[in-house]
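Fold and contact review
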Amino acid sequence: MSDQTVLVTGATGLLGREVAKTFRLKGWTVKGTGYSRADGVDILKVDLGDKDEVSKVLDSVRPQVIVHCAAQRFPDKVDKDPEGARALNVAASNSLATLAADRDIFIIYISTDYVFPGVPGHAPYENTAKPAPTNMYGQTKFDGENAVLSAYKAAGKDGLGVVLRVPVLYGHAETPSESAVNVLLDTVWKTQEEGAKATMDHWAIRYPTNTEDIGRVCHDIAQKYLDTGDNRSTLPVILQFSSEDRMTKYEICQVFGEIMGLPISGITPNTQGNDPNASVQRPYDCHLSTQALKDLGIDISTADFRAWWRRELHAFRR
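Report follows, based on the coordinates. Small disclaimer: the values here were computed from a predicted structure and weren't measured.

Notes on helix 2 (residues 51-61)
- Every buried residue of helix 2 is listed here: V54, S55, V57, L58 and V61. Around the axis of helix 2, the buried residues are gathered within 165° of arc, so they sit on the same side. Across from the buried face of helix 2, at angles greater than 90 degrees, the exposed residues are D52, K56 and S60.
- Contacts from the buried residues of helix 2 go to strand 1 (5-9), strand 2 (29-34), strand 3 (43-45), strand 4 (65-68) and helix 4 (82-102).
- Residue D50 occupies the N-cap position of helix 2, its side-chain oxygen lying 3.0 Å from the main-chain nitrogen of D52.
- Among the residues trailing helix 2, R62 stands out with phi positive, at a value near 50°.

Right, here's the structure in full:
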């Protein structure tokens, strides 16, 4: 059993639950933070925007590692409340990193592939590529990256804080709306009703990645950097992880229809791309290179999208 402790922010969310589960299975002591769904025992109710609250939790839990999953991660919601998004994605992340650096706590800041513009022909993006977000969500996450890394740099603790960029997520969800992938199941089901129609994006390329795999990678990164000790400053501070399952949202619906034996004739593919008048502009292809993780010797294998969903939906074929 490990005598190490991890604190997972956003531990009641889609990714946070799997990160906490993975560390627990590896023998770590796991504490999480949440807000509306906190139980006060394993999940502590903490306002990440309250520096005093966060400080007290860090001194009480005394973690060696923080995995910072808490974020406003839905582009449409960020666009509707940009100040609220910046408060959580940037300001709270900077405050948490400053407090963690003062206590020599290693932090993994979960970021997004949307920090890149996703211009056709530019992907895959290396971890050293220059970010250029095209929407407010990507900008707040990029600013959050800088806020975390600058806090550690100012404290003279380079290498004790890292960024892990990931693409769109899927996994065991409490409600389909937790994931931009899981929610597409609802679309497939709803269009089975007579006369029901839906339009689905068939332009932007996505790389849906399973939360279980990200949980494993977070653990392996934490262990690698802790084991490296004082030499961790020689290791990269920007890391990226992604599956290689390349598909549009419409193609994801096709997969769900195939698995469940349901027609998707009620779903019309939209190949027109971004509406230039839309408030949220989505990149075309932000595929992330995982080379930096490979160079560290970290396992970058991922679940097969179709196989995972067959198991999840109990849709086995003879």
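So much for the structure itself; the text now carries on.
Quick notes on helix 10 (residues 305-312)
- F305, W308, W309 and R310 are the residues of helix 10 that are buried.
- Buried residues along helix 10 sit against strand 7 (169-170), helix 6 (183-190), strand 9 (209-210), helix 7 (211-228) and helix 8 (249-260).
- Its side-chain oxygen placed 3.3 Å from the backbone nitrogen of R306, D304 serves as the N-cap of helix 10.
- Count one or two residues on from helix 10 and you reach H314, which has phi positive near 55°.

Some points on the packing of aromatic side chains
- Counted under the stated rule, the structure contains 12 aromatic pairs.
- Considering the side-chain rings of Y114 and Y137, the 6.1 Å spacing of their centres and the 65° angle between planes classify their relative orientation as edge-to-face. On the criterion of sequence distance, the pair formed by Y114 in the loop between strand 5 (106-112) and helix 5 (136-154) and Y137 in helix 5 is long-range, its members being 23 residues apart.
- Ring pairing ties together the aromatic residues Y170, F256, F305, W308 and W309, which thus form one cluster.

Re the environment of A101
- Within the element layout of this structure, A101 appears in helix 4.
- A101 gets classed as buried once you look at its relative accessible area, which sits at 0%.
- In this structure the C-alpha to C-alpha distance between A101 and A154, which are 53 residues apart in sequence, comes to 9.1 Å.
- If we ignore the near neighbours within four places in the chain, the residues touching A101 are A151, Y152, A155 and K157.

Quick look at the packing of helix 8 against helix 10
- Where helix 8 contacts helix 10, the axes come no closer than 10 Å and their chain directions differ by 45°. In this view, helix 8 runs oblique relative to helix 10, as classed from their interaxial angle. As for how helix 8 packs across helix 10, the hand of that crossing is right-handed. The residues of helix 10 that touch helix 8, namely those facing I252, V255, F256, E258 and I259, are F305, R306, W309 and R310.
- When the residues that make up the contact of helix 8 with helix 10 are grouped by side-chain class, the tally is six nonpolar, no polar and three charged.

Rules used throughout
- Residues numbered from 1 in each chain as written.
- Predicted model: local features only at pLDDT ≥ 70, side-chain atom pairs only at ≥ 80, totals over all residues.
- Heavy atoms only, no water.
- Buried < 20%, exposed > 50% of the residue type's maximum accessible area, 1.4 Å probe, protein only.
- Helix = DSSP H or I, 4+ residues; strand = E, 2+ residues; numbered from the N terminus.
- Arc of directions from axis to C-beta.
- Contact = heavy atoms within 4.5 Å.
- Polar contact = N/O pair within 3.5 Å; in protein donor to acceptor, adjacent residues only side chain to side chain.
- Phe/Tyr/Trp six-rings, centres within 6.5 Å; stacked < 30°, edge-to-face > 60°.
- Axes fitted to C-alpha atoms, helices over the stretch in contact; angles between N-to-C directions.
- Parallel < 35°, antiparallel > 145°, perpendicular 65-115°, else oblique.
- Left-handed = near helix turned anticlockwise from the far one by under 90°.
- Nonpolar A, V, L, I, M, F, W, Y, C, P; charged D, E, K, R; others polar.

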